[in-house]
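Given next are the chains, with one letter for each unit.
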Amino acid sequence: MLRNSRFDIRPTNGALGAEIHGVDLSQPLDDSGVGEIRQALSDHGVVFFREQNITPEQHIAFAERFGPINVNRFFRHVEGHPRIAEVRKEPEQKANIGGGWHTDHSYDQIPALGSILLAREVPPRGGDTMFACMAQAYDALSDGLKATLEGMRAVHSSRHVFGATANYLQTDIKGRLGNTELATQDAIHPVVVRHPESGRKVLYVNSSFTVRFDGWTAQESAPLLKFLYEHAARPEFTTRFVWREGSIAFWDNRATWHYALNDYQGERRLMHRITIEGVPLSA
Ligand code: SIN
């Protein structure tokens, strides 16, 4: 845990997450500020900021302090800012983006570190985002199951989510995502990963992108994956973030899952997301 921080870091209710107060992200951050935010992210899995009415350029400048930007090939980008993905739901739309537990980019050979999501327009109520802590989910497994999972690997894919046969193409978010022909990525990662910064063991499968265990059929994999998904989504491993305009969530994809709630029909929700490159994962 971070001691003597110049920021006011307040852990949120639930298993993970902390609000960071006393920082103005419209101003350049010095190295010690970056180090403190990086440490808080490692300690809490996701960090939140309030009242950051920053420009797209300031959003990009903040993100670049944590690594190169990963340009998402499936999301529409913000007009004039190809490095900022747009997460938009209009009042007349029913389906949303990210409405299920997942971790972004697990289908990549080198999954992204995480994302910095900024709320531009939020509904008067609803549209919260939930996060789940994959280190606590792993810790709570029995020693027997931990030993079984230890040497296992899982296959992750983008094809069924963003490809030509993806479910979203049947919904009204068609048009908000694209480039189905680029959904060719499959990657194999350990089921239990050693987090590159905290050193903690984390469960690294998710119900959106993991398709099977390596060397197992999808049918053979399904019962154990189902157990792990239900286990990791238990309320005691989660927290829930209520957005306001100018709020930011910066999450670590290796340590967390997230879930965008779709309970605000008839309202607009508009978010800007920048994703940061990660490092190779190992057990
Ligand atoms: C996402 O899954 O990246 C979007 C999360 C959100 O809109 O809350």
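As a starting point, this report considers the structure included with it. (Residues numbered from 1 in each chain as written. Predicted model: local features only at pLDDT ≥ 70, side-chain atom pairs only at ≥ 80, totals over all residues. Heavy atoms only, no water.)

Some details on the overall build of the protein chain
Scanning the protein chain for helices and strands turns up 6 helices and 17 strands. Radius of gyration (C-alpha) of the protein chain: 18 Å, near the 19 Å computed for a compact globule of 283 residues. Summarising its shape, the C-alpha atoms of the protein chain cover approximately 50 × 45 × 30 Å along the three principal directions. Within the span of the protein chain, comprising 283 residues, buried residues form 55% of the whole. Expressed as a percentage of contacts within the protein chain between residues at least 6 apart in sequence, the contacts between residues at least 24 apart total 82%. As presented, the protein chain carries roughly 12300 Å² of accessible surface, and 49% of it is formed by carbon and sulfur atoms. Across the protein chain, the centroid of the 31 positively charged side chains sits 2 Å from that of the 34 negatively charged ones. (Helix = DSSP H or I, 4+ residues; strand = E, 2+ residues; numbered from the N terminus. Rg over C-alpha atoms; globule rule 2.2 N^0.38 Å. Buried < 20%, exposed > 50% of the residue type's maximum accessible area, 1.4 Å probe, protein only. Contact = heavy atoms within 4.5 Å. Areas by Shrake-Rupley, 256 points an atom, 1.4 Å probe, with all protein chains shown as cover. Lys, Arg positive; Asp, Glu negative; His and termini not counted. Charge placed at Lys NZ, Arg CZ, Asp CG, Glu CD.)

With respect to the site of the ligand
Surveying the vicinity of the ligand reveals the residues Val-87, Gly-98, His-102, Asp-104, Leu-117, Thr-129, Trp-251, His-258, Ala-260, Arg-269 and Arg-273. Between the ligand and His-102, the relevant distance is 2.9 Å, taken from an oxygen atom to a side-chain nitrogen or oxygen of the residue. Residue Thr-129 places a side-chain N or O atom 2.6 Å away from an oxygen atom belonging to the ligand. Protein chains shield 99% of the accessible area of the ligand, which is 260 Å² for the free molecule. Secondary structure elements with two or more residues in the shell around the ligand: β16 (256-260) and β17 (269-276). Taken together, the residues of the shell around the ligand break down into 4 nonpolar, 4 polar and 3 charged. (Near = heavy atom within 4 Å. Polar contact = N/O pair within 3.5 Å; in protein donor to acceptor, adjacent residues only side chain to side chain. Nonpolar A, V, L, I, M, F, W, Y, C, P; charged D, E, K, R; others polar.)

Observations regarding empty space enclosed by the protein
Within this structure, the stated rule accounts for 1 cavity of 30 Å³ or more. Roughly 40 Å³ of volume is contained in the largest cavity. What lines the largest cavity is Val-87, Arg-88, Lys-89, Asn-96, Ile-97, Tyr-264 and Arg-269. When grouped by side-chain class, the residues that make up the lining of the largest cavity number 3 nonpolar, 1 polar and 3 charged. (1 Å grid on protein atoms, 1.4 Å probe; cavity = no way out; pocket = protein on both sides within 12 Å on 5 of 7 lines; lining within 4 Å. Points joined across faces, edges and corners; volume = space filled by probe spheres on them.)

Concerning the packing of aromatic side chains
Inspection of the entire model under this criterion finds 13 aromatic pairs. Both rings, one in Phe-48 and one in Phe-241, keep their centres 4.0 Å apart while their planes meet at 5°; by these two values the pair is stacked. Taken together, the residues span a long stretch of sequence, with Phe-48 in strand β3 (residues 46-49) and Phe-241 in strand β14 (residues 238-241) at a distance of 193 residues. Taken as a pair, Phe-48 and Phe-241 share a single burial class, namely buried. Look at Phe-49 and Phe-62: their rings are 5.8 Å apart centre to centre, the planes differ by 85°, and that puts the pair in the edge-to-face class. Of the two residues, Phe-49 sits in strand β3 while Phe-62 sits in helix α2 (residues 56-64), which places them 13 residues apart along the sequence. Each member of the pair, Phe-49 together with Phe-62, is buried. An aromatic cluster of three or more residues is present, and its members are Phe-48, Phe-131, Phe-241, Trp-243 and Trp-251. Between the NZ or CZ atom of Lys-89 and the centre of the ring of Tyr-264, over which it lies, the distance is 4.3 Å. Directly above the aromatic system of Tyr-138 lies the positively charged group of Lys-146, at a separation of 5.3 Å from the ring centroid. (Phe/Tyr/Trp six-rings, centres within 6.5 Å; stacked < 30°, edge-to-face > 60°. Lys NZ or Arg CZ within 6 Å of the ring centre and 35° of its normal.)

Section: the layout of surface pockets
Estimated volume of the second largest pocket: approximately 240 Å³. In terms of lining, the second largest pocket is formed by 22 residues, of which the most central are Asp-43, His-44, Gly-45, Cys-133 and Arg-200. Broken down by secondary-structure element, the contributors of at least two residues to the lining of the second largest pocket are α1 (31-44) and α3 (134-139). Top contributing element to the lining of the second largest pocket by residue count: α1, with 4 residues.

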